[in-house]
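Chain by chain, the residues run as shown.
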Amino acid sequence: MKFGAILSLTILLTGCATSQTTISYSGEFNLQVPTKLLSGSTVFTADGLSVGWPEGNLISGIVITKELESLPIDFDLKDYPKYLFNIKNKKDLDKKTANVIKNSANEIDHSFGIENLTIKSKLDTEVYSACKDRKCIAFIIKDNVTDHILSLYSQGITEKELISLAEGI
């Protein structure tokens, strides 16, 4: 709760100078987190770079590439979240790719609920997110980045807080 309360306050106090710490997932995806929010946190790597707090809150990010997800070379990564959230029809994909995406889509639906999808656009960034039981997943796409996208997972953080962080990337 400490993270959520402080982040909400930080979001509400726009215009106030605040010290930021950069969590860099790639040259194009850098999460700006108010430094005071990192107090007492642990930074670690598992599948991706993560920040955890003693009370159980967590933000974890991973750069998604075609190779990582076993997607064909001509696959447009900007469509990846659209397929995962059933916005775009998988019937247009080859059978192998459709199966890979179907398995991931089923996991997302089970864990976060595709009916909980929120799409936010800001400048050159699109955020696809879904939350269920204080756990969220977000996929961040930048117009000028074609070789990777960023996936963020959080727990104990509201969707509004996660989207606010993601939009600042």
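Here we summarise the structure given alongside this text. The shown structure was predicted, so the numbers you read here are calculated from the model rather than taken from an experiment.

In terms of strand pairing, strand β6 (residues 118-122) meets strand β7 (residues 125-132) through five bridges, oriented antiparallel. When the bridges of β7 are listed, S121 appears paired with E126. Counting the residues in the hairpin turn of β6 and β7 gives two residues, including L123, whose phi is positive at 55 degrees.

The subject of this paragraph is the state of the cysteines. Counted under the stated rule, the structure contains one disulfide. There is a disulfide in this structure between C131 and C136, and the S-S distance comes to 1.9 Å. Handedness here is read from the sign of the S-S torsion; for C131 and C136, about 110 degrees, the answer is right-handed. Residue C136 is classed as buried on the basis of its relative accessible area of 1%.

What follows is about the sheet that holds strand β3 (residues 42-45). Spatial strand order, β3-β4-β5-β9-β8-β7-β6: seven strands in an open sheet with antiparallel pairing. The strands lining the two open edges of the sheet, one partner per strand, are β3 and β6. Each strand axis lies, on average, 20 degrees off the axis of its neighbour in the sheet, ignoring direction. Taken together, the seven bridges between strand β5 (residues 58-64) and strand β9 (residues 149-155) define a ladder with antiparallel strand orientation. Counterpart to L58 in the pairing with β9 is Q155. Across the sheet, helix α3 (residues 95-112) is in contact with β7, β8 (135-142) and β9; its angle to β7 comes to roughly 55 degrees. The strands touched by helix α4 (residues 159-167) are β5, β6, β7, β8 and β9; relative to β7, the strand with the most contacts, the crossing angle is about 160 degrees.

The tally for this structure, following the rule as stated, stands at four aromatic pairs. Both rings, one in F85 and one in F139, keep their centres 6.2 Å apart while their planes meet at 75 degrees; by these two values the pair is edge-to-face. Highlighted residues: F85 in the loop between α2 (80-84) and α3 and F139 in strand β8, separated in sequence by 54 residues. Accessibility classification places F85 together with F139 in one group, the buried group. Geometrically, the ring pair formed by F112 and Y153 is edge-to-face, given 6.2 Å between the ring centres and 65 degrees between the ring planes. Residue F112 is found in helix α3, and its partner Y153 is found in strand β9; the two are separated by 41 residues along the sequence. Looking at Y153, the relative accessible area reads 24%, which means it is partly exposed. Through a chain of ring-to-ring contacts, the aromatic side chains of Y80, F85 and F139 assemble into a single cluster.

So, how was this worked out
Sequence order as written defines residue numbering, which begins from 1 separately in each chain. Reporting of local features is limited, given that this is a predicted model, to residues whose pLDDT is at least 70; pairs of side-chain atoms are given and counted only at 80 or more, and all residues count toward the totals for whole chains, interfaces and linings. Derived side-chain values reflect all non-hydrogen atoms in the structure, with water molecules and hydrogen atoms excluded from consideration. Two strands qualify as a pair provided DSSP detects at least 2 bridges between them. Elements are defined by DSSP. Helices are runs of H or I of four residues or more, strands are runs of E of two residues or more, and each kind is numbered from the N terminus. Put simply, a disulfide is two cysteine sulfurs that come within 2.5 Å. Relative accessibility under 20% of the residue-type maximum defines a buried residue, over 50% an exposed one, and the middle range a partly exposed one, all with a 1.4 Å probe and only protein chains included. Under this scheme, a helix contributes an axis fitted over its contacting stretch, all axes are lines through C-alpha atoms, and angles between N-to-C directions fall in the 0 to 180 degree range. Contacts between residues were defined by any pair of non-hydrogen atoms, one from each residue, lying within 4.5 Å. Only Phe, Tyr and Trp rings take part, Trp by its six-membered ring, and two of them pair if their centres are within 6.5 Å. Stacked means planes under 30 degrees apart, edge-to-face means over 60, and tilted covers everything else.

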